[in-house]
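Structural description and commentary
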Amino acid sequence: MTGYLSFFSDQAALLVRLTVGHILLSVVAVVISIVIAVPLGAWIGHLHRGSFLVVNAGNVLRSLPTLAIVAIVIALFGFGYVNITVALVILAFPLVLTNTFTAVEGVDPGTVEAARGMGMTGWQILTRVELPSSIPLMMSGIRTSWVYVVATAYLATFAGATGTLGDVIANISGYGLTGVLAAATVSIVLAFLGDALLGLVERGLTPTGLALAQRAPATT
Amino acid sequence: MGEPTQVIPVFSGPQCAPSNPFCWDWITANWSSILGPSLVQHIYITLIAVVVGLVISVAAALFAFSRNWFAGGFLAFSTFLYTIPSLAFFLMFVPITGLSLTTIEIGLTSYTLLLLFRNTLTGLRTVPRSAVEAAEGMGLTPQQILFRIRLPLALPSIMAGVRIAAVTVISLATIAASVAPLGLGKPIFDAIHTLFDTELVAAALLTIALALVTDVIVVGLQYLVTPWTRVRR
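Residues numbered from 1 in each chain as written. Chains lettered and ligands numbered in written order. Predicted model: local features only at pLDDT ≥ 70, side-chain atom pairs only at ≥ 80, totals over all residues. Heavy atoms only, no water.

As annotated in an unreviewed UniProt entry, chain B carries the name ABC transporter permease and comes from Actinomycetospora endophytica. UniProt lists a comment for chain B under the heading Sequence similarities (unreviewed entry), and it reads "Belongs to the binding-protein-dependent transport system permease family." (UniProt positions renumbered as here; feature names shortened; annotations may be inferred.)

Where an unreviewed UniProt entry is consulted, chain A appears under the name ABC transporter permease, with the organism given as Actinomycetospora endophytica. Turning to chain A, the UniProt annotation filed under Sequence similarities (unreviewed entry) states: "Belongs to the binding-protein-dependent transport system permease family."

In structure tokens, the structure reads:
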């Protein structure tokens, strides 16, 4: 226990450096997933087509073992940051995609009809009605993907990318179990902090009307 | 753990250039010595974790059904579990159970609990009111309703949990191989620090194939054990 606590003070400089690297890698992976998955999921959900395709593609991607992806990308592109980033994007992408799709597809048809009746174009309906209504579900997908990515980013070490908490977590012979657990603790804290931060973003982005409707008791 | 762990991949026999990412000759030559046994081991490891996890989860969900404090505590614990880097979680048990199959199974089973418990509990709680009322009318006790009405009707939800749990275990078991050299993770870790890619790619593709096939098998199993969900009303 004392070894565990003193690791934080003894290796403070190392932990801070690796934590920054860990955050950077995770943020890059989640942002790339969002940039690809949100427009794609929103567009397919808006068209109300291809739900079979999205659900199954999501299931297939979600069943891909991350270490196997790392291994295959090593053979294709070699070691390094590209490798682990690709693997983490594949981990996060299906979560964001299926949640965005489900949210946009599930927007109350009555609301969409009303918007169309007001003379809104398809693009306006998507950006002003469907996407704002989808924020809670979409953000829950992004928050889950953040937790998964932070907890998995240590695999960077096996992909030959140094500078993440994986340098300690995957090196028990160098740092001992106390070091591994200390680095893992930092990773856990990162997962929770990021999740809480995204929770604040979610609250900020959720339209006031929707937040009020969620808090009000159900009328049916 | 008797024999020493082999670190250098086997080059003997077929001529395979290290730069060739996929050499069939190596795969056919090493199927019976490396890939086949690893695949069987991987299936074995996954089966134990999912079956043990299912038994614990269903028992816990039945216990938690009328006890909300237990459900809340169990869910909070298992949510926390997913924020832990899996390798660190496996390593935590090494001082107690050593570099063994037991260590791996403790870790893998724990990971199935979140998915299976949540799905079982949701299944038990979302049984149609009409079915429960009919059972009450027939004079079944609450205990009988839980076991004879709610549990079978929760099967679709439970099987959906099994599906995700099995695939998750297959994925995490590869990482567990760095703790105890078992399953398809072993050839991956053996080959990852060499310049020989075929072993790496072959083991990785096998893992992916296993995950996809398992997914399909569980869906088929779900179809078989829930005949009533196929009846159109």
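Turning our eyes to something else, we now look at a nonpolar patch on the surface. Residues and elements named next belong to chain A. On the surface, Ile-23, Val-27, Val-28, Val-31, Ile-32, Val-35 and Ile-36 cluster together into a nonpolar patch covering about 510 Å² of accessible area. Along the polypeptide, Ile-23 turns up in helix 2 (residues 12-47). The class of Ile-23 is partly exposed, set by a relative accessible area of 32%. (Patch = residues over 30% accessible without salt bridge, like charges linked within 9 Å, V, L, I, M, F, W, Y side chains within 5 Å. Areas by Shrake-Rupley, 256 points an atom, 1.4 Å probe, with all protein chains shown as cover. Salt bridge = Lys/Arg side-chain N within 4 Å of Asp/Glu carboxyl O. Helix = DSSP H or I, 4+ residues; strand = E, 2+ residues; numbered from the N terminus. Buried < 20%, exposed > 50% of the residue type's maximum accessible area, 1.4 Å probe, protein only.)

On to unusual backbone geometry, then. Negative phi values dominate among residues other than glycine, just as trans dominates among peptide bonds. Residues and elements named next belong to chain A. The backbone phi angle of His-48 is positive, close to 55°, even though this residue is not glycine. The topology assignment puts His-48 in the loop between helix 2 and helix 3 (51-62). Judged by relative accessible area, which is 44%, His-48 ranks as partly exposed.

Further remarks concern the packing of helix 6 (residues 109-117) of chain A against helix 7 (residues 122-152) of chain A. The description of two helices packed together rests on the angle between their axes and the distance between the axes. All names here are of chain A. At a minimum axis distance of 10 Å, the contact between helix 6 and helix 7 shows a crossing angle of 140°. Here helix 6 is positioned oblique relative to helix 7, judged by the angle of their axes. Here helix 6 runs over helix 7; the crossing is right-handed. Where helix 6 abuts helix 7, its residues Thr-111, Val-112, Ala-115 and Arg-116 lie against Ile-125, Val-129 and Glu-130. Of the residues belonging to the contact of helix 6 with helix 7, the class tally is 4 nonpolar, 1 polar and 2 charged. (Axes fitted to C-alpha atoms, helices over the stretch in contact; angles between N-to-C directions. Parallel < 35°, antiparallel > 145°, perpendicular 65-115°, else oblique. Left-handed = near helix turned anticlockwise from the far one by under 90°. Contact = heavy atoms within 4.5 Å. Nonpolar A, V, L, I, M, F, W, Y, C, P; charged D, E, K, R; others polar.)

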